[in-house]
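As a plain string of letters, each chain reads:
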Amino acid sequence: MNRIKEEQRVVEQMIRLYCRKKEGNKELCPECQELLQYAHARLERCKFGENKPTCKKCPIHCYRPQMKERMCKVMRWAGPRMILYHPIAAIKHIIREI
């Protein structure tokens, strides 16, 4: 799987986990759906392509401030829980952070 598609998959897993477990929704709510579409679009346009660093280490912050704040909220909550729900994706992400 290419790097961008893998990042999109992980972001989707995090947003879905947040929406389902934190917000209590069975399906993505409109706000989470909007965030997911925005994140996928940003990743599609990433100028680093296959050499993309993790967002935390990226020198370019491509999210609008409001969306960045929402994504940070999702990542702060879902990130630590990913090891329980999606352990392989979480381990790969941790390795990339190092």
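Okay, so let's go over this structure.

Cut-offs applied
Residues numbered from 1 in each chain as written. Predicted model: local features only at pLDDT ≥ 70, side-chain atom pairs only at ≥ 80, totals over all residues. Heavy atoms only, no water. Helix = DSSP H or I, 4+ residues; strand = E, 2+ residues; numbered from the N terminus. Polar contact = N/O pair within 3.5 Å; in protein donor to acceptor, adjacent residues only side chain to side chain. Contact = heavy atoms within 4.5 Å. Core = buried A, V, L, I, M, F, W, Y, C linked by side-chain atoms within 4.5 Å. Buried < 20%, exposed > 50% of the residue type's maximum accessible area, 1.4 Å probe, protein only. Phe/Tyr/Trp six-rings, centres within 6.5 Å; stacked < 30°, edge-to-face > 60°. Lys NZ or Arg CZ within 6 Å of the ring centre and 35° of its normal.

### Comments concerning the side chain of R3
Looking at the secondary structure, you find R3 in helix α1 (residues 3–22). Polar side-chain contacts of R3 include one of 2.8 Å to the backbone oxygen of K52. Setting aside residues no more than four positions away along its own chain, R3 makes contact with G49, E50, K52, P53, T54 and R96.

### Quick look at the nonpolar core
The nonpolar side chains of a soluble globular protein tend to be buried, and buried together. Core analysis: the biggest nonpolar cluster contains 25 residues, and I15, C32, M71 and M82 have the highest contact counts within it. Looking at this core, the elements with two or more residues in it are α1, α2 (30–44), α3 (65–85) and α4 (87–97). With 8 residues, α1 is the single largest residue contributor to this core. Not counting chain neighbours up to four residues away, the residues in contact with I15 comprise L28, C32, L35, L36, M71 and V74.

### Some points on the packing of aromatic side chains
Within the structure shown, the criterion is met by 2 aromatic pairs. Ring centres 5.9 Å apart and planes at 85° place the aromatic pair Y18 and W77 in the edge-to-face group. One end of the pair, Y18, is in helix α1; the other, W77, is in helix α3, and 59 residues separate them in sequence. We classify W77 as buried; its relative accessible area is 16%. Between Y38 and Y63 the ring centres are 5.2 Å apart and the planes differ by 90°, which places this aromatic pair in the edge-to-face class. Of the two residues, Y38 sits in helix α2 while Y63 sits in the loop between α2 and α3, which places them 25 residues apart along the sequence. Grouping residues by exposure puts Y38 and Y63 together as buried. The residue whose ring lies beneath K47 is F48, and the NZ or CZ to ring-centre distance is 5.7 Å.

All quantities given are derived from atomic positions and should not be read as evidence of function.
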